Amino acid sequence: MTEQATRAAANGAGTAPATSNAAELHSDSLFSEMIWLLSGMPLACMLQAIAELGIADELVDGPLSVEELARRTESDADALYRILRGVSTRGVFTEVAHRVFGLTQLGQILRSDQPNSLRDAFRMHAQQEMRDTFTSVRHTLRTGQPAFDHVNGAPMFQYFARNAEKKPLFDSFTGAAARRIQNAALETYDLTGVRTIVDIGEMNGSLLAGVLKRYPELHGVYVDLPFMAPVAEKILGGAGVADRAEIIGANYLESVPPEADAYLLPQVLHRISDAEGLALLKNIRQAMSPTSKVVVIDPVLPEGDVPHLAKVLDATMLLMGPIKDRTEAEFAELFEKAGLRLDVISGRALPSSVIIALPA
C-alpha cells in the first residue's frame, strides 16, 4: 500500500459516512434546529432594534419600501433590508415585493397602539442592564442568586426606582405585561356571586379596576404598601369605580382585612419567598370566613418534560430577581401548611392560571 493510500485509509477515506453532510445540514435536520436556537439571541436583538425604531408603527397603513422606512427612521436602507429580511423568516414581517415589507398578524404585536403590544418588552430587553443580566447566566448557576443584582449592583426594582430616566420604560414593561397576563387568567374564572374581594399586593390597582368594572355588584378592597396607595387611588378613580373601592396602605405580610368573600393574589406568591408566601397565606386563613376563597393568579408549571411557556419565563425570572413559580403539587403543599386546600385550577395553558384555595 502506498503512503497516500495508507494515509487515506487511516482518515477513513473511501468509506461512506453513516450520515451524509447533506442530510445533516438539511433545513429539517437536528443540526439546523440547533442553529435556529443559537440564532435566538441575534434575532431577539434585531427585533429589539426594530421595536426601538417603531417599524411596526410605520407599517400600520400598509407596506412600505425599505428606502421609505429607512428615511422615516433615519436608518441605512441596505442594513435595514437585511435585518427585516432576516426577522421575516420568523413571520414577524412579510416581504410583499422586492425590498417592500408589510406587517403580519405576529408583527401587529409590535405596534405601540395595541392592547397586547410587546413593543416596550422588546425595548426593555434591549437595555444594557438586561443584556448584561442575560449573558451572566453562569453567575446564577454557580450561586443561585439573581444575575441582575450581580451585574447592576442592586435588585431590579430598586435599581430602576433609583434611575429616573429608565423608570418609565421599566414601569410600562412590567405593568403592561402583568395586566395582560392577569386579565387573561381571570377571564377563565367566574367571580359572579362574590360580594367583597380583597386585592393584595397588586401594586397599581389596574386589575382591581378591571374586575370592578366587569362585576358591577362587587366591592373591592385594595391592600398594598402605603407608598402605592396614591397610585391605586388615581387609577381606580380614573376607571370610575372609586365609589366601590376601599384603599388600605399596609404591609400584607402582617395582616389583611377580615371576612371578605375572596382574597385576590395577582402574581404575588411567585415574587416572594416560600416563607413570606406562607406568612401571607396564614394571615389570609386567619382572616377568612368559612365560605371565603383565595384566588391566586400565578403560573402553574406542568411536571416533567412538558413544554410550557411558563417554564421559560420562570428560568428567565430566576436571573432577574427572587421570583419562583410552582407546580400544582408545590401549591398544594404551601396551601396545606397555611391551613388551606387546593380546590381547582383554571387556565392552565396560559402564562398564568387561576388557583383557588379554600379553608381546609
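Residues numbered from 1 in each chain as written. Predicted model: local features only at pLDDT ≥ 70, side-chain atom pairs only at ≥ 80, totals over all residues. Heavy atoms only, no water.

The name an unreviewed UniProt entry assigns to the chain is Methyltransferase, from the organism Actinomadura litoris.

Peer 1: Tell me about the environment of Met46, and name the residues and values.
Peer 2: Along the polypeptide, Met46 turns up in helix α4 (residues 40-53). Using a relative accessible area of 25% as the deciding quantity, one classes Met46 as partly exposed. Sequence separation between Met46 and Phe157 is 111 residues, and the spatial gap between their C-alpha atoms is 26 Å. Among residues more than four places away in sequence, those in contact with Met46 are Ile83 and Val87. (Helix = DSSP H or I, 4+ residues; strand = E, 2+ residues; numbered from the N terminus. Buried < 20%, exposed > 50% of the residue type's maximum accessible area, 1.4 Å probe, protein only. Contact = heavy atoms within 4.5 Å.)

Peer 1: Explain the nonpolar core residue by residue, including any values.
Peer 2: The biggest cluster of nonpolar side chains holds 29 residues, and the ones touching the most others in it are Ile200, Tyr263, Leu265, Leu280, Leu281, Ile284 and Val294. Within the residue set of this core, elements represented by two or more residues are β4 (196-200), β5 (219-224), β7 (262-266), α16 (274-287), β8 (293-298), α18 (328-337), β11 (340-346) and β12 (353-359). When residues of this core are assigned to their parent elements, the largest contribution, 5 residues, is made by α16. Residues Tyr189, Leu191, Leu236 and Val295 belong to the second largest nonpolar core, which totals 26 residues. (Core = buried A, V, L, I, M, F, W, Y, C linked by side-chain atoms within 4.5 Å.)

Peer 1: If you had to explain a nonpolar patch on the surface to someone new, which residues and values would you point to?
Peer 2: A cluster of nonpolar side chains, contributed by Phe31, Ile35 and Leu38, occupies part of the molecular surface with about 320 Å² of accessible area. Along the chain, Leu38 turns up in helix α3 (residues 30-38). The exposure class of Leu38 is exposed, given its relative accessible area of 63%. (Patch = residues over 30% accessible without salt bridge, like charges linked within 9 Å, V, L, I, M, F, W, Y side chains within 5 Å. Areas by Shrake-Rupley, 256 points an atom, 1.4 Å probe, with all protein chains shown as cover. Salt bridge = Lys/Arg side-chain N within 4 Å of Asp/Glu carboxyl O.)

Peer 1: Talk me through the pattern of salt bridges; I want residue IDs and the actual numbers.
Peer 2: By the definition in use, this model includes 17 salt bridges. Of the charged contacts, one joins Glu67 and Arg99 as a salt bridge, the two residues approaching to 2.7 Å between their closest N and O atoms. One end of the pair, Glu67, is in helix α6 (residues 66-73); the other, Arg99, is in the loop between β2 (93-97) and β3 (100-103), and 32 residues separate them in sequence. Of the residues examined, Glu67 reaches a relative accessible area of 39% and is grouped as partly exposed. Here Asp120 makes a salt bridge to Arg123, at a shortest N to O gap of 3.0 Å. Of this pair, Asp120 and Arg123 are both found in helix α8 (residues 119-125), 3 residues apart, which corresponds to roughly one turn of the helix. Several salt bridges converge on common partners, so that one network encompasses Glu58, Glu68, Arg71 and Arg72.

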